[in-house]
Amino acid sequence: MIQVNNTAVIWSIAGSDNSAGAGIQADLKTIQSFSTPEQPLHLCTLVTAITAQHSSGVDACMAVSVDLLHQQAIALLKDAKPAVIKIGLLANKAQVLWLTDFLQQLRKSQPDLLVIYDPVAISSSGSSMAEPDLYQAVIRHLLPQLDLLTPNLPELEALTQSSDSQQAVELLFKAGVKAVLLKGGHTETTVCTDQLFISADFRYRAYPAYTHQVSLRSPRQQHNFTHGTGCYFSSALAATLALGYALEDAFVVAKTYINQGLSQPVVITEYTGTLGHYGFPAKPEYLPELLSDDRQPPTQAFTALKSPLGLYVIVPSVTELQRALAAGVKTLQLRIKNTDQQLLRQQIKEAIQLCQHPDIQLFINDHWQLALELGAYGVHLGQEDIDQADLAALQQAGLRLGISCHGFYKLLRAQQLCPSYLAIGAVFATQTKNMGGKLQGLQKLARYTALFPQIPLVAIGGINENNAKAVLATGIRHLAVVQAFATTAEPKLWVQQMQQLISEALHAD
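Residues numbered from 1 in each chain as written. Predicted model: local features only at pLDDT ≥ 70, side-chain atom pairs only at ≥ 80, totals over all residues. Heavy atoms only, no water.

A.B. asks: Would you explain the sheet that holds strand 20 (residues 478-481) in this entry?
C.D. replies: What holds strands together in a sheet is hydrogen bonding between their backbones, with the strands either parallel or antiparallel. One closed barrel accounts for 8 strands, arranged 13-14-15-16-17-18-19-20; its pairing is parallel. Each strand axis lies, on average, 25 degrees off the axis of its neighbour in the sheet, ignoring direction. Judged from the 4 bridges that link them, strand 16 (residues 378-381) and strand 17 (residues 400-405) form a sheet pairing that is parallel. Counterpart to Val379 in the pairing with strand 17 is Leu401. (Pairing = 2+ DSSP bridges. Helix = DSSP H or I, 4+ residues; strand = E, 2+ residues; numbered from the N terminus. Axes fitted to C-alpha atoms, helices over the stretch in contact; angles between N-to-C directions.)

Shown next as structure tokens:
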């Protein structure tokens, strides 16, 4: 019996490219590339225009009537509502006005709908595919209905009549757009830098405490097989957002996907071709460089671990630390929430003394000043903590550094600090921390291990003896546990069982 699954429906409202390098055909290829049996995606299309085009230009473009556009939309709604709508080519003002009204009506019954607009009107070869007053209609009517706008530099200037990028983005925010991804493909440099600007009104930002602009840079690919790059980028964003990734993470994945496709283009002839589609990116060489952070990266890496983390037990007290040591745990983290500084100092000092054995690795959670002062082996910090900590002092003192991460953006951000390890979580639901439904799960975990193989990754969150084998199957080789150890009645036997599972996974590599 065929069961109903968790398929996410995406709509592409765009033009048809008969060369299959851009437009709806590019959207179909991209969405299919991201779809998996575990997380299937289904793309539906609303054709706005029929074009005659090829790798280097558009020879003709005929707009579809608003009546037919509306009939396409009504027909699709008989099957399912979209989770994400990706808009490409809109050919005239009438289509803009219809779409504005349609989105307003759709949002009444579907407030969580995500709408992305790639404002293509002129092809990269300079061929116009839309009426001259299109952008005026977009500014006046469509912008408040958009969550994310993805213009290149010429499109940004045409929309806002401003050559100042920062000023142009502010104008778009005032007009109602929630986020703007400015693509840098039209700059005449050896690198391509894309900038993501996020307003406070965007609902799907992952890290509202400190993200407002993210810039990603990659070397420019020196070839001409770039037909449809903007379509691929916005479709990759639509796919990753539909899969439940936060906007910053979707940006990193989409940029990596474009780098992958440009590195392995589909070459038809010496002068014609397009990007390749090879599934969810899985090679670290395609990751972009993060430029948005004000912090200077360290001049050298933090001290490496003495030995693999393996089973990593997190304890709330010195008493539990002693219990873990007696059970044979070699890697531990002391996570104390006590605010009494005198008692805190005493407990950290005692814990460090208990873990002086050369086989033991003890990390102090959060309290980096005391860890530094008292000569700890290492510290573990969250993303917010690394903004406040004196990382240079920790590095110079030889302390190991572990950093918590919850997605591709945070992994990329933390990796640039060259820490001793990165922790990924929460993998499963846990009693110790509410992730607001943003759990990593096994498939995301496998994707992280593929893209970040250079630094040890430790999985955390809801891991126990029943699911450890599945977690290890993703490629993770270090498991952090909290409740599973705290609640076991036979700690020594439990530790042996978990260490055996990790050892078997290591031997299978």
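More follows now that the structure is in view.
A.B. asks: Can you walk me through the environment of Thr100 in this structure?
C.D. replies: With respect to the secondary-structure elements, Thr100 resides in helix 3 (residues 93-109). When the C-alpha positions of Thr100 and Leu142 are compared, they lie 5.2 Å apart, and in sequence the two are 42 residues distant. In contact with Thr100, not counting residues within four places along its chain, are His141, Leu142 and Gln145. (Contact = heavy atoms within 4.5 Å.)

A.B. asks: Could you clarify how one ought to interpret the pairing of strand 13 (residues 311-315) in this entry?
C.D. replies: Working note: regular strand, side chains alternate between the two faces of the sheet. For strand 13, the buried fraction is high: 5 of the 5 residues fall into the buried class. Alternating positions in strand 13 separate into two faces, Leu311, Val313 and Val315 on one and Tyr312 and Ile314 on the other, with burial throughout. Across 3 bridges, strand 13 lies against strand 20 in parallel orientation. Opposite Val313, over in strand 20, you have Val481 as the bridge partner. Sheet topology note: the strand 13/strand 14 (residues 331-334) ladder contains 4 bridges and is parallel. (Buried < 20%, exposed > 50% of the residue type's maximum accessible area, 1.4 Å probe, protein only.)

A.B. asks: Hey, could you run me through helix 14 (residues 408-415) in this one?
C.D. replies: Three or four residues apart is the spacing at which side chains of an α-helix point the same way, because the helix has 3.6 residues per turn. Among the 8 residues in helix 14, 8 count as buried, and that is most of the element. Within the sequence span of helix 14, burial applies to Phe408, Tyr409, Lys410, Leu411, Leu412, Arg413, Ala414 and Gln415.

A.B. asks: Would you mind showing me how to read unusual backbone geometry here?
C.D. replies: Note: most peptide bonds trans; most residues except glycine with negative phi. The omega torsion across Gly425 and Ala426 is -10 degrees, close enough to zero to call that bond cis. Summarising the element assignment, Ala426 is placed in the loop between strand 18 (421-424) and helix 15 (441-451). The residue Gln161 is not glycine, and still its phi comes out positive at about 60 degrees. Mapping Gln161 onto the fold places it in the loop between helix 5 (153-160) and helix 6 (165-175). Here Gln161 falls in the exposed class, since its relative accessible area comes to 67%. A positive phi angle is found at Cys418, which is not glycine, with a value near 55 degrees. When you line up the elements, Cys418 lands in the loop between helix 14 and strand 18.

A.B. asks: Mind showing me how you'd approach the sheet that holds strand 6 (residues 148-149) here?
C.D. replies: Across the sheet, which stays open at both edges, the 10 strands sit in the order 3-2-1-4-5-6-7-8-9-12 with mixed pairing between neighbours. Strands with a single pairing partner mark the edges of an open sheet, and in this sheet they are strand 3 (57-63) and strand 12 (289-290). Pairing of strand 9 (residues 213-219) with strand 12, which is carried by 2 bridges, proceeds in the antiparallel orientation. Residue Leu216 lies in a different strand from strand 12, and its bridge partner there is Leu290.

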